[in-house]
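As a plain string of letters, each chain reads:
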Amino acid sequence: MGVYKNGRRKKNRDREKEKLMKDKCVICNTDTQYDEFDHIDMRYFYVEGCGQLCPKCFNDIENKTKKEDK
Ligand SMILES: [Zn+2]
């Protein structure tokens, strides 16, 4: 008898790990909302060949690219 709850300890550990594993913006080094292991297809503001950007830097690059096109 007595319910044995497994995995409680493990969960806490995972949470701590998660904190440390957030991907940072490659330009301004701000923490993004994404984990290092999140698939890039699931992310916004990810530039292939460049890396994870924060929304602000992503917009900056978008604007620059548009100007260069002209
Ligand atoms: Zn940034």
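Rules and cut-offs
The residue count restarts for each chain, going from 1 along the sequence in the order it is written. Selection of residues for local features in this predicted model requires a pLDDT of at least 70, selection of side-chain atom pairs for listing and counting requires 80 or more, and totals for whole chains, interfaces and linings are taken over all residues. Helix and strand assignments follow DSSP, with helices taken as H or I runs no shorter than four residues and strands as E runs no shorter than two, numbered in order from the N terminus. Counting other C-beta atoms within 10 Å of each residue's C-beta, where C-beta atoms are placed from the backbone, gives the exposure class: buried for 20 or more, exposed for 12 or fewer, partly exposed between. Placing C-beta atoms from the backbone, we regard two residues as in contact once those atoms come within 7 Å. Here, strands pair whenever DSSP counts at least two bridges between them.

Novice: Tell me about the overall build of the chain, residues and numbers included.
Specialist: If you tally the helices and strands in the chain, you get two helices and four strands. Going residue by residue from the N terminus, the α and β elements of the chain occur as α-β-β-β-β-α. Residues counted as buried form 6% of the 70 residues belonging to the chain. In the chain, the proportion of contacts linking residues at least 24 apart, taken out of those at least 6 apart, comes to 33%.

Novice: An account of the environment of Lys 56 is needed here, citing residue identities and associated values.
Specialist: Its location among the elements puts Lys 56 in helix α2 (residues 55-69). Measuring from C-alpha to C-alpha, the distance between Lys 56 and Phe 45 comes to 9.2 Å, with 11 residues separating the pair along the chain.

Novice: Can you lay out unusual backbone geometry for me, pointing to particular residues and giving the numbers?
Specialist: In this structure, Asn 29 is a non-glycine residue whose phi angle is positive, near 70°. Inspection of the secondary structure assignment puts Asn 29 in the loop between β1 (22-24) and β2 (31-35). Its 8 C-beta neighbours within 10 Å are what place Asn 29 among the exposed residues. Positive phi values are uncommon outside glycine, yet Phe 45 reaches one of about 65°.

Novice: Can you lay out the environment of Val 26 for me, pointing to particular residues and giving the numbers?
Specialist: Relative to the helices and strands, Val 26 is located in the loop between β1 and β2. Not counting residues up to four positions away in its chain, the partners in contact with Val 26 are Cys 50, Gly 51, Gln 52 and Leu 53.

Novice: Got a sec to walk through the pairing of β2? Specific residues and values, please.
Specialist: Successive side chains on a regular strand alternate, one facing one side of the sheet and the next facing the other. Where β1 lies against β2, two bridges are found, and the strand directions are antiparallel. Within β2, the residue paired with Lys 24 across the bridge is Asp 31. Remark: six residues form the turn of the hairpin made by β1 and β2, two consecutive strands paired antiparallel; Asn 29 in that turn has positive phi of roughly 70°.

So far we have only geometry, and geometry alone does not tell us how the molecule works.
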